[in-house]
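A closer look at the structure
Listed below are the residues making up each chain.
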Amino acid sequence: MSTTDREPQALDVLDDGGRKVLFTEARTANTFAARAVADDELAMIWELARWSPSAANGQPLRVLFVRTREGKERLVRHLDEGNRAKTLSAPAVAILAYDVDFHEQMPTVFPARGEMLRAAFADLTEKRESLAAYNSALQTGVFLLAVRAAGLAAGPMAGFDRAGVDEEFFAGTSWRSHLVVNIGHPGADPWFPRLPRVPVEDAVAWA
């Protein structure tokens, strides 16, 4: 049988339970239980998240997991006031960053054209920053789904001093912070009331 005669590959469809875990019943947690998050749970999150798509497979997303009290205290001094208490109470916190020198990995992640891409981006600092920021945002959405898939709740927060966090944790590196995510099991009254979604007719068009 030729390749043109083969039936199209049928992809699995996520069942209703999976859709609830990842999408329809998933929420942003605002309180966390004292139950610890194990190393293998954090490893599972990354093992799932790293399969996210990114342009030319560049994979600029980087993650620093903060678990110690000392590490959280270093972090919260750079957070907005309203985000500090819940971050201190979270069993684990992920500082999501992007690597502006992601192009150095291109020979590894895109072997067929890696050397060419690395050379092409070498002097394009602003272009690399733009691409890294955009693609790490794409990867971040998958990271949040990975937290949910690992049986944990996520509390993403953008309210922090990025320059301060970068100086605190990433000084002398090519990493730039862009989101802080509290991770753990939901605590007491963890959810705010569910807010409405944009109406379908205002969000979806057909051509």
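Overview of the structure. (Residues numbered from 1 in each chain as written. Predicted model: local features only at pLDDT ≥ 70, side-chain atom pairs only at ≥ 80, totals over all residues. Heavy atoms only, no water.)

A few words now on the overall build of the protein. Looking only at helices and strands, the protein features 9 helices and 4 strands. Put simply, the protein runs from its N terminus to its C terminus through helices and strands in the order α-α-β-α-α-β-α-α-α-β-α-β-α. Referenced to the eigenvectors of the C-alpha coordinate spread, the extents of the protein come out at roughly 60 × 45 × 40 Å. When each of the 207 residues of the protein is scored for burial, the buried share is 39%. For the protein, the accessible surface area stands at approximately 12400 Å², while carbon and sulfur atoms represent 56% of it. Looking at charge distribution, the protein has the averaged site of its 23 positive side-chain charges lying 2 Å from that of its 28 negative ones. (Helix = DSSP H or I, 4+ residues; strand = E, 2+ residues; numbered from the N terminus. Buried < 20%, exposed > 50% of the residue type's maximum accessible area, 1.4 Å probe, protein only. Areas by Shrake-Rupley, 256 points an atom, 1.4 Å probe, with all protein chains shown as cover. Lys, Arg positive; Asp, Glu negative; His and termini not counted. Charge placed at Lys NZ, Arg CZ, Asp CG, Glu CD.)

Interhelical geometry of helix 2 (residues 39–49) versus helix 7 (residues 125–149) gives an angle of 135° and a closest axis separation of 8 Å. Relative to helix 7, the element helix 2 lies oblique. Relative to helix 7, the crossing made by helix 2 is right-handed. Side by side, helix 2 and helix 7 meet where Ile45, Leu48 and Ala49 of the first sit next to Val142, Phe143, Ala146, Val147 and Ala149 of the second. (Axes fitted to C-alpha atoms, helices over the stretch in contact; angles between N-to-C directions. Parallel < 35°, antiparallel > 145°, perpendicular 65-115°, else oblique. Left-handed = near helix turned anticlockwise from the far one by under 90°. Contact = heavy atoms within 4.5 Å.)

Attention now goes to the pattern of salt bridges. Pairing is possible between side chains that carry opposite charge, provided their charged atoms lie close to one another. Considering all chains together, one arrives at 11 salt bridges under this definition. Where aspartate 39 meets arginine 67, a salt bridge forms, and the shortest distance between an N and an O atom there is 2.0 Å. Residue aspartate 39 is found in helix 2, and its partner arginine 67 is found in the loop between strand 1 (61–66) and helix 3 (69–76); the two are separated by 28 residues along the sequence. Since its relative accessible area comes to 42%, arginine 67 is described here as partly exposed. (Salt bridge = Lys/Arg side-chain N within 4 Å of Asp/Glu carboxyl O.)

On the basis of which strands lie adjacent, the open sheet formed by 4 strands has the order 1-2-4-3 and antiparallel pairing. With partners counted over all chains shown, the strands left at the sheet margins are strand 1 and strand 3 (153–157), one partner each. Pairwise comparison of adjacent strand axes, ignoring direction, gives a mean angle of 30° for this sheet. Pairing geometry for strand 3 and strand 4 (residues 175–184), over 5 bridges, is antiparallel. Paired with glycine 155 across the strands is asparagine 182, a residue of strand 4. Along the sheet, helix 4 (residues 81–89) makes contact with strand 2 (92–99), strand 3 and strand 4, crossing strand 3 at roughly 150°. (Pairing = 2+ DSSP bridges.)

Turning next to the pairing of strand 2. Most of strand 2 is tucked away, with 8 of its 8 residues classed as buried. Alternating positions in strand 2 separate into two faces, Ala92, Ala94, Leu96 and Tyr98 on one and Val93, Ile95, Ala97 and Asp99 on the other, with burial throughout. Sheet topology note: the strand 1/strand 2 ladder contains 6 bridges and is antiparallel. Looking at the pairing, phenylalanine 65 lines up with alanine 94 of strand 2. Both strand 2 and strand 4 contribute to a ladder of 8 bridges, which runs antiparallel. Of the residues in strand 4, the one forming a bridge with isoleucine 95 is valine 180.

What follows concerns the packing of helix 1 (residues 16–24) against helix 7. Following both chains from N to C, one finds helix 1 and helix 7 inclined at 130°, their axes separated by 9 Å at the closest point. Viewed along their axes, helix 1 and helix 7 adopt a mutual orientation that is oblique. As for the relative orientation of helix 1 and helix 7, their crossing is right-handed in sense. Each of Val21, Leu22 and Phe23 in helix 1 lies in contact with helix 7, whose residues at this interface are Leu145, Arg148 and Ala149.

Our next topic: helix 2. Turning to helix 2, its buried residues are Glu41, Leu42, Ile45 and Ala49. All buried residues of helix 2 project into a common sector of 100° when viewed along the axis, lining one side. Relative to its buried face, helix 2 has exposed residues pointing more than 90 degrees away, namely Asp39 and Asp40. Looking at the buried side of helix 2, the elements it contacts are strand 1, strand 2, helix 7 and strand 4. (Arc of directions from axis to C-beta.)

Purely geometric numbers; function is a separate question.
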